[in-house]
Amino acid sequence: MKHIPKAARPALVLALALAMTFALGLAAYAEADAASLDFEKTGSVSLTLADSSGNTVTDGAVTICQVATLYLDDGSMAYAYTEAFANCGETLDVTDAALASALADYAEDNQITGTTASVGADGTVRFDGLTLGLYLVTQTTQSTGYNAISPFLVTVPFAGSDAWIYDVDASPKVEVYTAATIPPESVSPTPTTTTTTTTTLPQTGQLNWPVPVLAASGIVLFAIGWAMVVTDRKKRGNAA
């Protein structure tokens, strides 16, 4: 505290003490919270499918697959890939938004299957008897008129505000399906026998009908001019 005024030192010491106490309290809470996990208990994941307008999606199929197990590492929560995903090459970071899609691609490429359930008439699907861990949710059968939901990860249990929630409820976003538009160049032109006659000269904007008129006028003027030349010559010859 060499550069701190003496009057400010007591307040600084108190602030540091409070900060350390708060940090230790958070660490103790987190450790106690993780320690309260019941590994003998199973959980569930429930999904409700509806579009942005609130319309219920009533068909399709959803698959859930465990990608990692949950365990305690020195009193803290930790995850480890299951045997099926051990060689996926992806860093196990549950906060990574791209991890779900990467694991879904890996599961498809390596024919890793999970548990599949059909979407009910009320737009819901539920998976029970899940051991604690990290799960990948994908839609393996697309709902009629909708795009398949994007793959996502869900933890069982889920950390609530004051307790662990073993029955997790998820509501993925469902988007209305839009058919791809066929590029115009890929469509074969329809044959036609209709003949179109144009009265405009290409790249000029002039009309066709003046052409013969002007040609005839030129011939007449040429004839008149030639006659005048002949007459003039005769006059000069007579004068000589």
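Residues numbered from 1 in each chain as written. Predicted model: local features only at pLDDT ≥ 70, side-chain atom pairs only at ≥ 80, totals over all residues. Heavy atoms only, no water.

## A short note on the overall build of the protein chain
Per the secondary structure count, the protein chain includes three helices and 12 strands. Each of the 240 residues in the protein chain was classed as buried or not, and the buried ones make up 24%. Accessible area of the protein chain: about 16600 Å², with a carbon and sulfur share of 58%. (Helix = DSSP H or I, 4+ residues; strand = E, 2+ residues; numbered from the N terminus. Buried < 20%, exposed > 50% of the residue type's maximum accessible area, 1.4 Å probe, protein only. Areas by Shrake-Rupley, 256 points an atom, 1.4 Å probe, with all protein chains shown as cover.)

## Comments concerning the side chain of D51
By secondary structure assignment, the location of D51 is in strand β2 (residues 50–51). On the basis of relative accessibility, which here comes to 9%, the residue D51 falls in the buried class. Within the structure, D51 has its side chain in polar contact with the backbone nitrogen of N55 (distance 2.8 Å). A distance of 3.0 Å separates polar atoms of two side chains, one belonging to D51 and the other to Y146. (Polar contact = N/O pair within 3.5 Å; in protein donor to acceptor, adjacent residues only side chain to side chain.)

## Digging into the nonpolar core
V45, L47 and F127 are the most contacted members of the largest nonpolar core, which has 26 residues in total. Elements that contribute at least two residues to this core include exactly β1 (43–48), β3 (61–73), β6 (124–130), β7 (133–141), β8 (152–156) and β11 (167–170). Not counting residues up to four positions away in its chain, the partners in contact with F127 are G43, S44, V45, L47, V62, T63, I64, T115, T116 and A117. (Core = buried A, V, L, I, M, F, W, Y, C linked by side-chain atoms within 4.5 Å. Contact = heavy atoms within 4.5 Å.)

## Remarks on the sheet that holds β11
Two strands in a sheet stick together by hydrogen bonds in their backbones, pointing the same way (parallel) or opposite ways (antiparallel). One open sheet accounts for three strands, arranged β6-β1-β11; its pairing is mixed. A single partner strand is all that each edge strand has here, and the edge strands are β6 and β11. Averaged over all pairs of adjacent strands, the angle between their axes in this sheet comes to 15°, without regard to strand direction. Bridge analysis of β1 against β11 gives four bridges, and the strand direction is parallel. The residue of β11 that forms the bridge with L47 is A170. (Pairing = 2+ DSSP bridges. Axes fitted to C-alpha atoms, helices over the stretch in contact; angles between N-to-C directions.)

## Details of helix α2 (residues 99–109)
Because an α-helix packs 3.6 residues into every turn, residues spaced three or four apart end up facing the same way. If you check which residues of α2 are buried, you get L99, A100, L103, A104, Y106 and A107. All buried residues of α2 project into a common sector of 165° when viewed along the axis, lining one side. When the buried face of α2 is taken as reference, the exposed residues oriented beyond 90 degrees from it are E108 and D109. (Arc of directions from axis to C-beta.)

## Considering the packing of aromatic side chains
For the structure on display, the rule yields one aromatic pair. Measuring from ring centre to ring centre gives 5.9 Å for F85 and Y106, while their planes differ by 40°; the resulting arrangement is tilted. Separated by 21 residues along the polypeptide, F85 in the loop between β4 (76–81) and α2 and Y106 in helix α2 bring together distant segments of the chain. Accessibility classification places F85 together with Y106 in one group, the buried group. (Phe/Tyr/Trp six-rings, centres within 6.5 Å; stacked < 30°, edge-to-face > 60°.)

## With respect to the side chain of T155
Tracing the sequence through the fold places T155 in strand β8. When near neighbours in sequence (up to four residues on either side) are disregarded, T155 contacts Y79, G133, L134 and V168.

## Some remarks on the pairing of β1
The buried count for β1 comes to five of six residues, which makes it a mostly enclosed element. The pairing of β1 with β6 spans five bridges and is antiparallel. Residue V45 lies in a different strand from β6, and its bridge partner there is F127.

## Some remarks on the environment of Q139
Looking at the element boundaries, Q139 is found in strand β7. In this structure the C-alpha to C-alpha distance between Q139 and F152, which are 13 residues apart in sequence, comes to 10.0 Å. For Q139, the residues in contact, after removing those within four places along its chain, are L49, G60, A61, V62, N147, A148 and I149. Reaching out from Q139, the side chain makes a polar contact with the side chain of S143 at a distance of 2.9 Å. Among the polar contacts listed, one links the side chain of Q139 to the backbone nitrogen of I149, at a separation of 2.9 Å.

## Topic: a nonpolar patch on the surface
A contiguous nonpolar patch, built from F39, L72 and M77 and spanning about 230 Å² of accessible area, is present on the exposed surface. For F39, a relative accessible area of 36% puts it in the partly exposed group. (Patch = residues over 30% accessible without salt bridge, like charges linked within 9 Å, V, L, I, M, F, W, Y side chains within 5 Å. Salt bridge = Lys/Arg side-chain N within 4 Å of Asp/Glu carboxyl O.)

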